[in-house]
Number of protein chains: 2
Amino acid sequence: MKIMSAPRLLVFLLGCMTAATASPPPTLVIHGGAGVILRADMSPGQESEYRAALQAALDAGYAVLEAGGAALDAVTTAVVLLEDCPLFNAGRGAVLNAEGACELDAAIMDGRDRAAGAVAGVRHIRNPVRLARDVMEQSPHVMLTGEGAEQFAATLGHATVPNDYFITERRRAQWERARELEARRQDTTFLEEKVRLDGPDERKFGTVGAVALDRHGNLAAATSTGGMTNKKYGRVGDSPVIGAGTYADNRTCAVSATGHGEFFIRAVVAHDIAARMAHRGETLAEAAAAVIAGVGELGGTGGVIAVDARGHIALPFNTPGMYRAWRKSTGESAVEIFGAGDR
Amino acid sequence: MKIMSAPRLLVFLLGCMTAATASPPPTLVIHGGAGVILRADMSPGQESEYRAALQAALDAGYAVLEAGGAALDAVTTAVVLLEDCPLFNAGRGAVLNAEGACELDAAIMDGRDRAAGAVAGVRHIRNPVRLARDVMEQSPHVMLTGEGAEQFAATLGHATVPNDYFITERRRAQWERARELEARRQDTTFLEEKVRLDGPDERKFGTVGAVALDRHGNLAAATSTGGMTNKKYGRVGDSPVIGAGTYADNRTCAVSATGHGEFFIRAVVAHDIAARMAHRGETLAEAAAAVIAGVGELGGTGGVIAVDARGHIALPFNTPGMYRAWRKSTGESAVEIFGAGDR
């Protein structure tokens with residue numbers, strides 16, 4: 001074995017230190033939906049429940065990163081917990097469609113090679129984000145829909161659940177109120193406007209999502225949703241649309257959106273944040289703020305969570321509140337629900 | 001009535017002339033799919049058929065623009081004709097899915113306000129692009145899927161056709177060959193690779209689309225497809241994904257893509273062309289070429305047609321050929337099929 005000269009040893013040690021300093025800081029951001037979420041509408045007990053659920057998902061996802069795990073695994077872990085939690089509009093606790101069933105969409109994207117997977121309109125897959133990941137990893141496809149997506153799940157031996165598994169009493173009651181309102185207004189076409197008038201919880205466009213940066217410098221994003229209360233016609237929002245509700249690219253950032261999906265699709269929100277960074281040289285914060293402002297100009301409401309390859313985060317939203325939480329390698333961590341002005 | 005002074009009259013007349021000169025030059029570009037389309041594989045008779053079909057769609061769409069009509073109407077007109085033509089993989093003549101049925105996707109987007117509509121997995125709508133347009137204009141939604149999309153169509157009194165309407169003998173024969181190949185290879189999962197090996201026509205990723213600039217300076221894009229031969233699992237490609245296969249924004253350009261949809265979704269192709277123009281200040285030609293090069297680096301093949309707000313056009317593709325045609329207000333017009341090197 002060759003022995004290093006003192007100067008070479010010094011260079012070597014300095015190199016190690018720089019590498020250690022430059023190694024990407026693990027970072028996780030999650031959301032549980034944006035919307036008309038006001039402190040005045042929420043009891044302290046309810047607030048505690050939401051905070052605890054967000055904290056649990058954050059901790060579980062961050063533990064993956066802290067152990068040196070992949071961003072892809074961290075966002076999967078966090079979103080699975082949010083899907084399993086009945087509080088959020090994804091997986092168990094999803095809103096009901098016009099038929100009184102839950103119809104779920106999810107997507108995931110790997111910033112390393114922009115591999116992506118998405119499912120839309122599934123009814124019997126306990127964790128749609130896991131199926132989206134299988135679409136990405138076990139098929140040559142990106143987007144599978146409806147019964148076809150469930151047939152694909154069956155070939156992989158995915159456990160299925162009856163649709164009732166997803167339905168909670170709270171969501172059924174919301175759905176019934178939504179239907180009453182619809183009947184009263186004699187408008188049998190679309191309900192969106194009415195649902196927004198029907199109490200604080202129904203007005204939010206619930207979705208869950210996570211974005212992460214791991215120690216290896218890889219970014220990932222995942223999003224999952226039940227969509228709009230009383231939705232019809234196989235409506236698909238932005239969550240499973242790669243580039244709109246979900247996007248990740250190691251060269252720029254990872255983004256998960258929540259909001260009025262139609263506007264987020266038209267503005268190609270998640271990809272436009274990455275594009276502003278790549279093509280305009282904007283910071284993550286500048287790009288995310290500009291894109292949410294643009295959605296607002298188009299008439300849309302909602303927000304995004306985003307992380308870049310250096311661990312910067314951005315969580316802009318133009319709604320009164322957004323369920324959100326983050327943790328950085330510096331120890332900085334928070335769980336927040338309401339807007340800055342709602343103290 | 002006030003009489004203009006001579007200098008004011010001169011200024012007024014010059015203003016009129018400038019306005020006339022600056023009025024946007026009506027421009028239409030259409031495509032009928034990109035892929036392994038080689039002169040050697042096509043008889044003169046076949047080539048004439050394709051050329052005539054492209055010319056007819058181009059002429060019909062351009063007539064709308066020439067009469068002062070809207071870009072949205074021009075792209076609808078052109079795509080409806082391509083859907084009705086059995087030669088192309090959209091509407092009648094679409095490829096068959098694993099069940100031996102046609103399953104159609106389409107999207108349309110209006111550059112004025114980025115309004116958009118898309119349908120995926122419809123089986124009984126004669127012109128899916130018309131239904132996509134109704135989703136945009138008659139619903140608050142952007143994307144409707146499967147039976148839900150057809151229920152929406154029924155509320156508008158859309159005429160339906162039996163699925164057999166779409167099926168041609170040529171496509172059924174291709175499908176049967178594809179299935180034989182699949183059986184022989186004992187791979188029952190996905191067929192994509194095999195279909196690409198099975199003769200020239202089967203290898204192309206057929207899609208049809210149109211992009212237009214009208215005299216009012218408005219851009220529009222539309223895309224329609226039957227997807228991949230023998231596709232399974234409710235697979236959705238890039239065509240109905242706003243930002244991937246279809247995008248239009250008066251501030252930049254209108255784009256319709258054709259190619260290996262999974263790569264086009266991951267690269268958010270159509271929106272990235274617009275984003276490079278908006279954020280990087282590239283010309284349409286630079287942006288479109290860079291994005292198709294990027295798709296190639298990702299491993300994907302295909303092409304796009306695009307037009308910007310000044311009537312510049314770009315038609316890059318990285319496949320051997322692409323069915324394409326364009327017409328400009330200068331009288332410049334062409335119908336082409338093969339690549340530059342395939343003379």
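Residues numbered from 1 in each chain as written. Chains lettered and ligands numbered in written order. Predicted model: local features only at pLDDT ≥ 70, side-chain atom pairs only at ≥ 80, totals over all residues. Heavy atoms only, no water.

## Points about helix α11 (residues 284–298) of chain A
Because each turn of an α-helix spans 3.6 residues, side chains separated by three or four positions end up pointing in the same direction. All names here are of chain A. The first and last C-alpha atoms of α11 sit 21 Å apart over 15 residues, in line with the 21 Å expected at 1.5 Å per residue. Along α11, the residues that are buried comprise L284, A287, A288, V291, I292, V295 and L298. Relative to the axis of α11, the buried residues are bounded by an arc of 125° and lie together on one face. Those residues of α11 hidden inside the fold are in contact with β9 (253–259), α9 (261–266), α10 (269–280), β10 (302–308) and β11 (313–314). Backbone geometry just after α11 places G299 at a positive phi near 110°. (Helix = DSSP H or I, 4+ residues; strand = E, 2+ residues; numbered from the N terminus. Expected span 1.5 Å × (residues − 1). Buried < 20%, exposed > 50% of the residue type's maximum accessible area, 1.4 Å probe, protein only. Arc of directions from axis to C-beta. Contact = heavy atoms within 4.5 Å.)

## Quick look at the relation of the copies chain B and chain A
Taken as rigid bodies, chain B and chain A are interconverted by a rotation of 180° and an axial shift of 0.0 Å, the fit giving an RMSD of 0.0 Å. Viewed as a symmetry operation, the transformation between the two copies matches a two-fold axis. (Least-squares fit on C-alpha atoms with pLDDT ≥ 70 in both.)

## With respect to the packing of helix α4 (residues 128–138) of chain B against helix α5 (residues 146–155) of chain B
Residues and elements named next belong to chain B. Where α4 meets α5, the closest approach of the two axes is 11 Å, and the angle between their N-to-C directions is 70°. Here α4 is positioned roughly perpendicular relative to α5, judged by the angle of their axes. Residues L131, D134, V135 and Q138 of α4 touch α5, and the partners they reach there are A149, F152 and A153. A breakdown of the residues in the contact of α4 with α5 according to their chemical character gives five nonpolar, one polar and one charged. (Axes fitted to C-alpha atoms, helices over the stretch in contact; angles between N-to-C directions. Parallel < 35°, antiparallel > 145°, perpendicular 65-115°, else oblique. Nonpolar A, V, L, I, M, F, W, Y, C, P; charged D, E, K, R; others polar.)

## So, unusual backbone geometry
Positioned with a positive phi, R114 of chain A is a non-glycine residue whose angle comes to about 55°. Position of R114 of chain A among the secondary structure elements: in the loop between β2 (104–110) and β3 (115–122). The buried category is assigned to R114 of chain A, whose relative accessible area is 14%. Despite not being glycine, V268 of chain B shows a phi value in the positive range, around 45°. Classification of V268 of chain B by relative accessible area gives buried; the value is 1%.

## A few points about the pattern of salt bridges
All names here are of chain A. The full count for this structure, using the stated rule, is 28 salt bridges over all chains. A salt bridge links R327 to E66, with the nearest nitrogen and oxygen atoms 3.5 Å apart. In this pair, R327 is assigned in strand β12 (residues 321–327) and E66 in helix α2 (residues 44–66), connecting sequence segments 261 residues apart. With a relative accessible area of 24%, R327 lands in the partly exposed category. One salt bridge in this structure joins E137 and R133, with 3.0 Å as the shortest N-O distance. Of the two residues, E137 and R133 both sit in helix α4 (residues 128–138), four residues apart, roughly one turn of that helix. Accessibility expressed as a relative area gives 41% for E137, which makes it partly exposed. (Salt bridge = Lys/Arg side-chain N within 4 Å of Asp/Glu carboxyl O.)

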